[in-house]
Amino acid sequence: MKRVYVNEEWCLGCHLCEYNCAFANSGMKDMAAALKDKKIFPRIHVEGEDKITFAVSCRHCEDPVCVKSCIAGAISKQDGVVRIDRSKCVGCLTCILVCPYGALALGANGTMQKCELCLQNSCGEPACVKGCPNKAIVYEERSETE
Amino acid sequence: MKKYVIIGNGTAAVGCIEGIRGVDQEGGITVISGENHHVYSRPLISYYLEGKTDPDKMKYRGDGFYIENGCKVLYGKTAKSIDTDKKTVVLDDGEEIKYDELCVAAGSRPFVPPFEGLDAVSNKFSFMTLDDALSLEKALTEESRVLIVGAGLIGLKCAEGIRDKVKEITVCDLAGRVLSSILDDVCAASVQKHLEDNGLKFLLSDSVIKFDKNTAYMKSGKTVDFDILVLAVGVRANSEIVKEAGGEVNRGIIINTKMQTSLPHVYAAGDCAEGYDASVGTNRVLAILPNAYMQGHAAGVNMACGEAVFDNAIPMNSIGFFGLHIMSAGSYGGDMKEVKTEDSVKRFFTDGGVLKGFMLIGETERAGIYTSLIREKTPLESIDFDLAEKIASNLIFSQNVRRKRFGGVV
């Protein structure tokens, strides 16, 4: 299945992916109205310092430990995509405690949010990939050997 | 076609059902549910009282779950005994249910010490089930003075859930600190202060000698007048049914890493089971929800003739009170390193060159990176642990490891 991958050598650390993510999931049509002067809650985040930077988002694991650990039964895997039903989430953060990638974070309303590959929002494809100026983030199928 | 029977209808049962169905889509599954409820998330009952969820959203799986998975659920029935020769479970109404593979996922029940005068206390509650929460809710008024016996996870979550509905809450515990099962003295003290700032009163290192109707007489000589009593002292595994059938039982039903009990074709999972705890290298009851699911799932796979081993369970908790998040995992021996800021405390426990455990208060972002270090026994010399103590980041790994973790092929 297609996933979001990051080639960290090409990541500029510009954080544009975070803004594109927040906008794509804002439900709004105008980027300035959606993001200007607001604290953003992106589902992808750039880690690193100085020379090394890279963006991290949900890996949509084969065997997702967050799904098994969610105390509310709010996280599920549907057609390969790990999704969260935020109406069921109570913000206990157990998923943060178990995700080995540090890929989940709290949203604005105190419930968890995560990358769902933009398949359900207005972008329709990962906005972080679409907007990455250096093509460091890609959306493709790779055979992963773990 | 195999006949699967599951005693219990909680998280471990769901794990078991999903584990079975990953391997065998044909066999019949019978679920014996003592509670008259579609499977729901027990840890959410405090959030229900707080108004953060409702019984419909609390459903751990959707309405169609049992039908989609070909399960027959016997609501309001209790399993009384197991006959391993006939391979049957006998219910409280005498009905016998035949099984080829059985999973005991019977959970736990509140432990209530024999307090003098307890019988004469009219408004007393346990806090484990949805029905407990619903009946407690009915009894609460804005004038209620609540005494909670037990400053552990259950007692304190209950306190948080009801604080805005009642006049005052006093929490007492025999232990000298709150959350004594997951926090040390220093971390517990900072959490206690936060709880006190949010209106809770504590009587620690103290216990109830006797109740006289609506008054508790404490060992310290103090008295507490209350309208509502919540007993959250601890829980006991529902393991008797396996013991009586001749199975090995300690504090819980003893299982191996395939979730098999000592009885043939009988598995156990969840709060009733005592499985391998990788953090201490021995069997222990780990009554936490993720463990229940994972044990149940492994049991289900093995019951359906698949191959599943679950051998890296560790204790871990993520819990919040009035906006303060607390996480803990693993064991607390070895060397301790503390990283403190104005509004956070992190304590890391290392031994033999690996991370064994941690406590985090107030700063919990990406904590799963720490948890994975414990679970995978990552040699600390292979990562930048100095950085890890400051911040949980994927930057602590070498570039090669990071490439592998994130599936890069560059």
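Fair warning: this is a prediction, and the values are worked out from it, not measured in the lab. (Residues numbered from 1 in each chain as written. Chains lettered and ligands numbered in written order. Predicted model: local features only at pLDDT ≥ 70, side-chain atom pairs only at ≥ 80, totals over all residues.)

What follows deals with the overall build of chain B. Along its length, chain B carries 11 helices and 26 strands. By the compact-globule yardstick of 22 Å for 410 residues, chain B fits well, its C-alpha radius of gyration being 23 Å. With respect to the principal axes defined by its C-alpha atoms, chain B has extents near 65 × 60 × 35 Å. With 410 residues in all, chain B has 47% of them scored as buried. A separation of at least 24 residues holds for 62% of the contacts in chain B among residues at least 6 apart in sequence. (Helix = DSSP H or I, 4+ residues; strand = E, 2+ residues; numbered from the N terminus. Rg over C-alpha atoms; globule rule 2.2 N^0.38 Å. Buried ≥ 20, exposed ≤ 12 C-beta atoms within 10 Å, placed from the backbone. Contact = placed C-beta atoms within 7 Å.)

Looking only at helices and strands, one finds five helices and eight strands in chain A. Its C-alpha atoms give chain A a radius of gyration of 15 Å, near enough to 15 Å, the size a compact globule of 146 residues would have. In terms of principal-axis extent, the alpha carbons of chain A reach across some 40 × 40 × 30 Å. Taken over 146 residues, chain A has a buried fraction of 46%. Across chain A, the fraction of contacts at a sequence separation of at least 24, relative to all contacts at a separation of at least 6, is 58%.

With that out of the way, let us pick up helix α1 (residues 16–24) of chain A. For an α-helix, the turn length of 3.6 residues means that residues three or four places apart are oriented alike. All names here are of chain A. Most of α1 is tucked away, with seven of its nine residues classed as buried. Considered for burial, the residues of α1 that qualify are Cys17, Glu18, Asn20, Cys21, Ala22, Phe23 and Ala24. Those residues of α1 hidden inside the fold are in contact with α2 (31–35), β2 (45–49), β3 (52–56), α5 (127–130) and β8 (137–141).

This part covers the nonpolar core. All names here are of chain B. Core analysis: the largest hydrophobic core is formed by 172 residues, its most contacted members being Ile6, Cys103, Val104, Ala105, Val230, Ala268 and Ala269. With eight residues, the single largest contributor to this core is helix α8 (residues 289–303). The residues contacting valine 104, other than those within four sequence positions of it, are Ile7, Ile241, Val242, Ile253, Val266, Ala268 and Cys272. (Core = buried A, V, L, I, M, F, W, Y, C linked by C-beta atoms within 7 Å.)

Once that is clear, we can look at unusual backbone geometry. Residues and elements named next belong to chain A. Within the chain, leucine 117 stands out as a residue other than glycine whose phi angle is a positive 65 degrees. Mapped onto the elements of the fold, leucine 117 is located in the loop between β7 (112–113) and α5. Residue class for leucine 117 comes out buried when judged on the 26 C-beta atoms lying within 10 Å of it.

What follows covers the sheet that holds strand β24 (residues 335–341) of chain B. Residues and elements named next belong to chain B. Read from one edge of the open sheet, five strands run β22-β23-β26-β25-β24, paired in antiparallel fashion. Of all strands in the sheet, those with a lone pairing partner are β22 (316–321) and β24, marking the two edges. Strand-to-strand twist across the sheet, computed as the mean angle between neighbouring axes with direction ignored, equals 15 degrees. Bridge count for β24 against strand β25 (residues 344–351) is seven bridges, and the pairing is antiparallel. Among the inter-strand pairings, methionine 336 is bridged to a residue of β25, identified as phenylalanine 349. In the packing of helix α6 (residues 185–197) onto the sheet, the strands contacted are β22, β23 (324–330), β25 and β26 (354–361), and the crossing angle to β26 comes to about 20 degrees. (Pairing = 2+ DSSP bridges. Axes fitted to C-alpha atoms, helices over the stretch in contact; angles between N-to-C directions.)

Residue and element names in this part refer to chain B. The interhelical angle for the contact between helix α1 (residues 11–21) and α8, taken along N-to-C directions, is 35 degrees, at an axis separation of 6 Å. Helix-helix and strand crossings are classified by hand; for α1 and α8 the assignment is right-handed. Only Leu289, Ala292, Tyr293, Met294, Gln295, Gly296, His297, Ala298, Ala299, Gly300, Val301 and Met303 of α8 make contact with α1, whose side of the interface consists of Thr11, Ala12, Ala13, Val14, Gly15, Cys16, Ile17, Glu18, Gly19 and Ile20. Taken together, the residues of the contact of α1 with α8 break down into 14 nonpolar, seven polar and one charged. (Left-handed = near helix turned anticlockwise from the far one by under 90°. Nonpolar A, V, L, I, M, F, W, Y, C, P; charged D, E, K, R; others polar.)

Facing the 30 residues of chain A at the interface are 38 residues of chain B. Elements represented by at least two residues in the side of chain A that touches chain B include exactly β1 (2–6), β2, β3, α3 (65–69) and α4 (94–98) of chain A. Among the elements that make up the side of chain A that touches chain B, the one with the highest residue count is α4 of chain A (four residues). Class assignment of the residues belonging to the side of chain A that touches chain B gives a composition of 15 nonpolar, eight polar and seven charged.

Take the confidence of the model for chain B next. Across chain B, pLDDT averages 97, with 99% of residues at or above 70. Both scores are available for the predicted complex, with the pTM at 0.96 and the ipTM at 0.96. (pLDDT = per-residue confidence, 0-100.)

Our focus in this paragraph is the sheet that holds strand β6 (residues 96–98) of chain B. Residue and element names in this part refer to chain B. Taken in spatial order, the three strands of this open sheet run β4-β5-β6, and their pairing is antiparallel. Looking along the sheet, the strands with just one partner apiece sit at the ends: β4 (79–83) and β6. Mean inter-strand twist for the sheet, computed between neighbouring axes without regard to direction, equals 25 degrees. In this sheet, β6 lies alongside strand β5 (residues 88–91) in antiparallel orientation, the contact comprising three bridges. Counterpart to valine 89 in the pairing with β6 is isoleucine 97.

Residues and elements named next belong to chain A. Domain assignment breaks chain A into domain 1 (1–57 + 115–146) and domain 2 (60–112). Relative to domain 2, the C-alpha centre of domain 1 lies at a distance of 18 Å. A class-by-class count of the residues in the side of domain 1 that touches domain 2 yields five nonpolar, two polar and two charged. (Domains from an automatic or database assignment.)

A few words on the pairing of strand β2 (residues 28–33) of chain B. The pairing of strand β1 (residues 3–7) of chain B with β2 of chain B spans five bridges and is parallel. If you follow tyrosine 4 of chain B over to β2 of chain B, its bridge partner there is isoleucine 29 of chain B.

Residue and element names in this part refer to chain B. Burial of β23 is extensive: six of the seven residues sit out of reach of the surface. Inspection of the sheet shows β22 paired to β23 by six bridges, in the antiparallel sense. Opposite phenylalanine 321, over in β23, you have leucine 324 as the bridge partner. Between β22 and β23, which pair antiparallel in sequence order, lie two residues; one of them, phenylalanine 322, sits at a positive phi of approximately 50 degrees. As judged from the five bridges shared by β23 and β26, these two strands associate in the antiparallel manner. The residue of β26 that forms the bridge with methionine 327 is leucine 360.

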